Amino acid sequence: MCGIVGYLGKKSAVPLILDSLRTLEYRGYDSAGIAFLDDDNLFHIYKAAGKLVNLESVLPDSTPLKSGSHIGIGHIRWATHGAANEINAHPHHGGHQEIALVHNGIIENYFEIKQELEAKGRNFISDTDTECIAQLLEQLTSEMPSDTPEQFRVVIQATLNKLVGAYALSIINKKFPNHLFAIRNHAPLVIGKGENEYLVASDAVAIISHTQELLFLKDKEIAEITPEGIRLTRLDGTPIEAVLEHVELGPLQIDKKGFKHFMLKEIYEQPDVVRNSLSGRLVSAERPIRLLPGEPKDSLKKQTLDTILKYMDRIVIVGCGTSFNAGLVGKYFIEEMVSVPVEVESAGEYRYRKPIISDKTLIVAISQSGETADTLEAVRRAAKLGGKILTITNREDSSLARESDIVLPVRAGVEISVCATKSFTAQIIVFYLLGLAMAEMRQTASESQIKELKTGLLKTPALIEAALSNPEPVQAVAKQYGNAANVLFIARGINFPVALEGALKLKEISYIHAEGYSGSELKHGPIAMLDESIPVISVLVPGVVFEKMISNCQEAKARDAQMIGITSAVIDSQKAESTFDDLLQIPESLELLSPLIATVPLQLLAYYMAEYLGKDVDQPRNLAKSVTVE
Ligand code: M6R
């Protein structure tokens, strides 16, 4: 949610900043901007509404852009306050083009600050909350001594002390062309130290191709970066040691590998993602699950994990969006296997409730990015109350991972498409492994059931491959129903979360209104909507709720809805014809593992519907991959 970049060094700042911004576009694409000082110490700011390419097209082809600037900041925006236009694009300055800054976060008291500053005669030009930081900073430089970097730093502190909200900031000041400032408070920011250069970014992936020596800022820390090094202090000015870590993180592969969109590529990567996620953890049906393979036997982590696996008597899963849906699959599975109560909470709600937590409560945070603001805050709240935190994430270097007792990486590989697909599958795999490991430790399931599930999991990559091998029937259905205004998804049991996920995928990238329901809920309200204009997509696999689902589908069919079934069952042809208009067959798997397979046609369906409608599949409007504001 907004990406910021800063550069100070010997290379040409502008192309480098643009390259780094390109890797951050998953965080927002409403507008982009860049500010830099050229070697004659002149200030330049360029901005454009829309994607980064629009900014690139307005940049003049002049020398400072290519070689004559060595300090600058850049931004890609996901709009919170103010429309997605050029004026509201960052960087913002205080009116005199002397100080410029880029911001990720939300300033909650911006309105009060703006009123105060307007009363002092300052003119605001944008509708953003960010401009109040730039204006305040400039105002305070006129009220306080600010002729040296040290004094300017005190002005920054005074500015920050007036702000309420979340911010990651990078600031440049014309007076100090060798000083780049970086500040974090409830929004991620990392500083990289390269050879004769420093880089600042919202995400390590943006700078990892330049350096692996990273400093992950903590909340309320200010970094003053000069060619001599990083001076780190707290908001009150107390100095802190700047400790850099060596981080091994592959450079971001931005390659569609021949697929038209990243989303399709990522859907097709799922068999390998499952293999990767299982690797070393589930080796054979006979061997116990190892959640942390390679971890020394006597390590503290191992002890914490053993405590979690053996003694926790209640589990609370917190997450948002697709991660929340994956958490629901986790709930069904863990309750079935371990008989421990599991609640799944929307992190944005949980963080403001009064959580009931004992020393035997395990909080499982689930997040692809590991940076979702609500999930992070929910975890912080729970940790303060004594909960043990286990995080399931695709980003081991994320803020969430850093604040957890145990991290279980999902190993999905970098996911570029805003619409999550392979990370959902990998998250579910980790929940299966967690449930199985707990059941093994506690002996809450029979050996034969555990063995059967392990065998089933090992077969999953091949089953997903089979589900992906014949997309034509899904394409045909997508085309047939692509003009629907509303779509319902229904399922029951462990596939209920799959219905929610199918609806979320469709809404997100095609902008068609879609809802997921338990098949049993239809008659409690949604059935009133049904007529021949509404497709109802039903997931039904053999098992506990199969016959119930058939009845729910017939109830919908009786109201003239267009019925599309997704099933692994061989349904009697007469029954099938009288119930479904279209039937998409998926490979058969164990009922408890079937969400891994049933999700695939729903991902494809959403993709092909959006593609048929000509939507921007990988960067759907109004969304961002990493939601770092609440
Ligand atoms: O990074 P997270 O998993 O914490 O993100 C949570 C949601 O923002 C995310 O799943 C969102 O719903 C996706 N765009 C869904 O495709």
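Values in this document were obtained by computation on a predicted structure and should not be read as measured data.

**Q** Before we move on, could you go through the domain arrangement of the chain and cite the residues and values that matter?
**A** One widely used convention gives an interface's size as the accessible area the parts lose upon coming together. What the domain assignment reports for the chain is domain 1 (3–246), domain 2 (262–468) and domain 3 (472–612). Placing a centre on the C-alpha atoms of domain 2 and another on those of domain 3 gives a separation of 26 Å. Of the residues lining the interface, 34 residues belong to domain 2; the matching set on domain 3 comes to 25 residues. Taking both sides of the interface into account, the surface hidden between domain 2 and domain 3 amounts to around 2,500 Å²; carbon and sulfur atoms contribute 77%. At the surface where domain 2 touches domain 3, the tally comes to zero salt bridges. For the interface between domain 2 and domain 3, the tally reads seven residue pairs in polar contact (both at pLDDT 80 or more). Listing elements by their share of the side of domain 2 that touches domain 3, those giving two or more residues are α7 (262–268), α10 (321–338), α14 (422–442) and α15 (447–468). Counting residues per element, the side of domain 2 that touches domain 3 draws most heavily on α15, which supplies 11 residues. For the side of domain 2 that touches domain 3, the class distribution of residues is 23 nonpolar, nine polar and two charged.

**Q** Tell me about helix α5 (residues 130–143), and name the residues and values.
**A** Here α5 contains 14 residues, and its C-alpha end-to-end distance of 20 Å stays within 8% of the 20 Å for a straight helix at 1.5 Å per residue. Across the 14 residues of α5, 12 count as buried, placing the element largely inside the fold. Inspection of α5 places Thr130, Glu131, Cys132, Ile133, Ala134, Gln135, Leu136, Leu137, Glu138, Gln139, Leu140 and Thr141 among the buried residues, and these make up the whole buried set. Those residues of α5 hidden inside the fold are in contact with β5 (92–93), β6 (99–107), α4 (110–119), α6 (149–162) and β7 (165–173).

**Q** Quick rundown of the side chain of Asn495? Include the residues and the values.
**A** On the secondary structure map, Asn495 appears in the loop between β21 (486–491) and α17 (496–510). Looking at Asn495, the relative accessible area reads 3%, which means it is buried. Setting aside chain neighbours within four positions, we find Asn495 in contact with Val539, Val541, Ser594, Pro595 and Ala598.

**Q** Which residues make up the sheet that holds strand β14 (residues 239–240), and what values go with them?
**A** Read across the sheet, seven strands follow the order β5-β6-β7-β8-β12-β13-β14 without closing on themselves; strand pairing throughout is antiparallel. The strands lining the two open edges of the sheet, one partner per strand, are β5 and β14. Here strand β12 (residues 221–226) pairs with strand β13 (residues 229–234) via six bridges, running antiparallel. Residue Thr226 lies in a different strand from β13, and its bridge partner there is Gly229. Running over the sheet, α5 touches β5, β6 and β7 and is turned about 135° from β6.

**Q** Before we move on, can you summarise the pairing of strand β18 (residues 361–367) with the specific residues and values?
**A** Of all the seven residues making up β18, seven are buried; the element is thus mostly covered by neighbouring parts of the structure. Of the two faces of β18, the one holding Thr361, Ile363, Ala365 and Ser367 and the one holding Leu362, Val364 and Ile366 are both buried throughout. Judged from the five bridges that link them, strand β16 (residues 314–319) and β18 form a sheet pairing that is parallel. Counted as the bridge partner of Arg314 is Thr361 from β18. The parallel pair β18 and strand β19 (residues 388–393) is bridged by helix α12 (residues 373–384), and the resulting crossover is right-handed.

About the thresholds
Residues numbered from 1 in each chain as written. Predicted model: local features only at pLDDT ≥ 70, side-chain atom pairs only at ≥ 80, totals over all residues. Heavy atoms only, no water. Domains from an automatic or database assignment. Contact = heavy atoms within 4.5 Å. Buried area = accessible area lost by both parts, 1.4 Å probe. Salt bridge = Lys/Arg side-chain N within 4 Å of Asp/Glu carboxyl O. Polar contact = N/O pair within 3.5 Å; in protein donor to acceptor, adjacent residues only side chain to side chain. Helix = DSSP H or I, 4+ residues; strand = E, 2+ residues; numbered from the N terminus. Nonpolar A, V, L, I, M, F, W, Y, C, P; charged D, E, K, R; others polar. Expected span 1.5 Å × (residues − 1). Buried < 20%, exposed > 50% of the residue type's maximum accessible area, 1.4 Å probe, protein only. Pairing = 2+ DSSP bridges. Axes fitted to C-alpha atoms, helices over the stretch in contact; angles between N-to-C directions. Right-handed = clockwise from strand over helix to strand, strands pointing away.

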